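# Examination of the molecular architecture
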Amino acid sequence: MATSNRLLRYAESRKNLTGSAAGLAGLALTLTGAAGSLWPLVVAGLYGAGALIAPPERPDTPDFPDAGEQLDALRADFTKLRAYLAEVELPPATRERLTELDTLVEALLEPGWVSDPEHLHVLARAVRQDVPEAVDTFVRTRWWSRFTPGAEPPESHLERQLAALHEEAAAIAAALREAEAIRQEIHTRYVEGRGN
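The structure presented is a predicted model; accordingly, all values stated were derived computationally and were not measured. (Residues numbered from 1 in each chain as written. Predicted model: local features only at pLDDT ≥ 70, side-chain atom pairs only at ≥ 80, totals over all residues. Heavy atoms only, no water.)

A few words now on the packing of helix H5 (residues 92-108) against helix H7 (residues 154-194). For the pair H5 and H7, interaxial distance at closest approach is 9 Å and the crossing angle is 25 degrees. Put simply, H5 runs roughly parallel to H7. Along this stretch, H5 crosses H7, giving a crossing that reads as left-handed. Mapping the contact onto sequence places Ala93, Thr94, Arg97, Leu98, Glu100, Leu101, Leu104 and Leu108 in H5 and Glu155, Leu158, Glu159, Leu162, Ala163, Leu165, His166, Ala169, Ala170, Ile172, Ala173 and Leu176 in H7. Residue composition of the contact of H5 with H7, by class: 14 nonpolar, two polar and four charged. (Axes fitted to C-alpha atoms, helices over the stretch in contact; angles between N-to-C directions. Helix = DSSP H or I, 4+ residues; strand = E, 2+ residues; numbered from the N terminus. Parallel < 35°, antiparallel > 145°, perpendicular 65-115°, else oblique. Left-handed = near helix turned anticlockwise from the far one by under 90°. Contact = heavy atoms within 4.5 Å. Nonpolar A, V, L, I, M, F, W, Y, C, P; charged D, E, K, R; others polar.)

Here it is in structure tokens:
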């Protein structure tokens, strides 16, 4: 099976097709009588020369998911994250900060907003890594903090982490607002300029 695949790939390759075309030119020379009695060497030589000068095969470029497909997968992961966060017991102030972040990320993940790979990366990192890790670390540390009185409460670390993640998401939202404002301004100039 592997041998027949290799033979089929070679039969369709640029080298074989170029060599075959050159070999046909050798047969044409033979029919005109220019090759003489050495016609088999001429045909084989021209085939070999054609196969050697043919450009090498290029592998197909990898098919990576586009921004829409990445966004769909990220939305599915965000749904899983929300289900996890609904089960976690958090203090009211921390829950409020988490809700603010959740609302902002949900708005950014709506179709048609985020398409920049950098923005997608920041959101994917927040949804798939930063928020779950921050909450899980809080849950684990909270249990241990009961045994170490006087230590900094784990809620403060979680709130700081959520604030930093909210700033990152807010920066994406600000960039999107700015891009939309520029787009609107450009379109206004275009429409006004058409009348002149």
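Following the structure, the description resumes.
Moving on: the packing of helix H4 (residues 67-87) against H5. What describes two packed helices is the angle between their axes and the distance between those same axes. At a minimum axis distance of 12 Å, the contact between H4 and H5 shows a crossing angle of 165 degrees. By the angle between their axes, H4 is roughly antiparallel relative to H5. Judged by the sense of rotation from one axis to the other, the crossing of H4 with H5 is left-handed. Along its contact with H4, which presents Phe78, Arg82 and Leu85, the element H5 presents Arg95, Leu98, Asp102, Val105 and Glu106. Among the residues making up the contact of H4 with H5, the classes are represented as four nonpolar, no polar and four charged.

A word on the nonpolar core. If you look at the biggest cluster of nonpolar residues, it comprises 31 residues, and the most contacted ones within it are Leu108, Leu123 and Val131. At the level of elements, H4, H5, helix H6 (117-145) and H7 are the ones that each hand at least two residues to this core. Ranked by residues supplied to this core, first place goes to H6 with 10 residues. Residues within four places of Val131 in sequence aside, it is in contact with Leu81, Leu85, Leu98, Leu101, Ala126 and Leu165. (Core = buried A, V, L, I, M, F, W, Y, C linked by side-chain atoms within 4.5 Å. Buried < 20%, exposed > 50% of the residue type's maximum accessible area, 1.4 Å probe, protein only.)

Turning our attention to the environment of Arg140. Note on placement: Arg140 falls in helix H6. Residue Arg140 is classed as exposed on the basis of its relative accessible area of 54%. In this structure the C-alpha to C-alpha distance between Arg140 and Val43, which are 97 residues apart in sequence, comes to 77 Å.

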